[in-house]
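Breakdown of the fold
Single-letter residue listing:
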Amino acid sequence: NTSSHTVRAVNYKQDCHPIDVSSLNHILKIDREAKTALVEGQVLLSDLCRATLSVGLLPAVIPEYSDFTVSGLINGEGIQSSSHRYGLFSDTILSQEVVLGDGSAIATDSEQHANLFRLLFNSHGTLGIVTAATIHLIDAAPYVKSSYQHFRTIEPYIAAFEQALNKTQFME
C-alpha cells in the first residue's frame, strides 16, 4: 500500500467498496530499443526509475515524490521539471489496460478505445482501475548540470526563462 496524496478528508471513501490492487506492482517489460516500459498500475516511481536507469533509460517525466504510483499519476496527473519539453506524465503514456465498473478489462491507446484512453487521465479513478500502462522512456544522461540565476525584476527573468526553454532538458 502506498500513502495517499489526496487533499480530501481520509474518511471520504468509508462507505465505498475498496478493491485491493496492491499486488499490481510489477515491472513487466522494459524495451531498450523501443524506449518503453510496460508496468502494472501500482509500480512506484522510484522502482520504475531504478529499473529503467539500469538499462540507461528514464521516464520522460518524473514527478518528485518517489512513492507516487503509475496509476496514481495517470488518474491524478503529474508534472515535473522536464514537462516543458515532454508535457504531463500522461503525455508519456502510450497505452493503458483498465478494468471498468462492470468488471470488463480492456486495452486502450490512441486508436482503440481512444476516448477512454484520453479521459482516463486526471479522472481520479472514476472511470475504472488502471491495471497496467506502457510508458515512453528517454535516454538517461550520466549527470545533470545545474545552474542558478537570481533576478530582482520580472522582465529579465522572463527573457532568461524563454531563452532556456530551447536549451535545457529540465526547468525548475
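Before reading on, note that the structure itself is shown above.
Summarised in this report is the structure supplied together with it. (Residues numbered from 1 in each chain as written. Predicted model: local features only at pLDDT ≥ 70, side-chain atom pairs only at ≥ 80, totals over all residues. Heavy atoms only, no water.)

Considering the overall build of the chain
Of the regular secondary structure elements, the chain holds 5 helices and 6 strands. Along the chain, helices and strands appear, N-terminal first, in the series β-β-α-β-α-α-β-β-α-β-α. Looking at the chain as a whole, 33% of its 172 residues are labelled buried. By sequence separation, contacts in the chain at least 24 residues apart represent 58% of the contacts at least 6 residues apart. In the structure as shown, the chain presents an accessible area of about 11,100 Å², 53% of it carried by carbon and sulfur atoms. (Helix = DSSP H or I, 4+ residues; strand = E, 2+ residues; numbered from the N terminus. Buried < 20%, exposed > 50% of the residue type's maximum accessible area, 1.4 Å probe, protein only. Contact = heavy atoms within 4.5 Å. Areas by Shrake-Rupley, 256 points an atom, 1.4 Å probe, with all protein chains shown as cover.)

Notes on the side chain of Gln 96
Looking at the secondary structure, you find Gln 96 in strand β4 (residues 93-99). With relative accessibility at 1%, the residue Gln 96 sits in the buried group. A polar side-chain atom of Gln 96 sits 3.2 Å from the main-chain carbonyl oxygen of Phe 117. For Gln 96, the residues in contact, after removing those within four places along its chain, are Ile 74, Ile 106, Ala 107, Thr 108, Phe 117, Leu 120, Phe 121, Val 130, Ala 132 and Ala 133. (Polar contact = N/O pair within 3.5 Å; in protein donor to acceptor, adjacent residues only side chain to side chain.)

Comments concerning the pairing of strand β2 (residues 36-40)
Of all 5 residues making up β2, 4 are buried, and the element is well covered by its neighbours. Sheet topology places strand β1 (residues 27-31) next to β2; 4 bridges connect them, and they run antiparallel. Residue pairing in the sheet places Ile 30 in a bridge with Ala 37 of β2. Count of turn residues in the β1/β2 antiparallel hairpin: 4 residues, of which Lys 35 carries a positive phi of about 55 degrees. Note that β2 and strand β6 (residues 129-139) share 5 bridges and pair antiparallel. Residue Val 39 lies in a different strand from β6, and its bridge partner there is Ala 133. (Pairing = 2+ DSSP bridges.)

A few points about the side chain of Glu 40
On the secondary structure map, Glu 40 appears in strand β2. The buried charged residue Glu 40 lacks any salt bridge, with Lys 29 as its nearest oppositely charged partner at 15 Å. Only 2.8 Å separates the side chain of Glu 40 from the side chain of His 26, close enough to count as a polar contact. The contact partners of Glu 40, leaving out residues within four places of it in the chain, are Ser 23, Leu 24, Asn 25, His 26, Leu 28, Val 70, Thr 131 and Ala 132. (Lys, Arg positive; Asp, Glu negative; His and termini not counted. Salt bridge = Lys/Arg side-chain N within 4 Å of Asp/Glu carboxyl O.)

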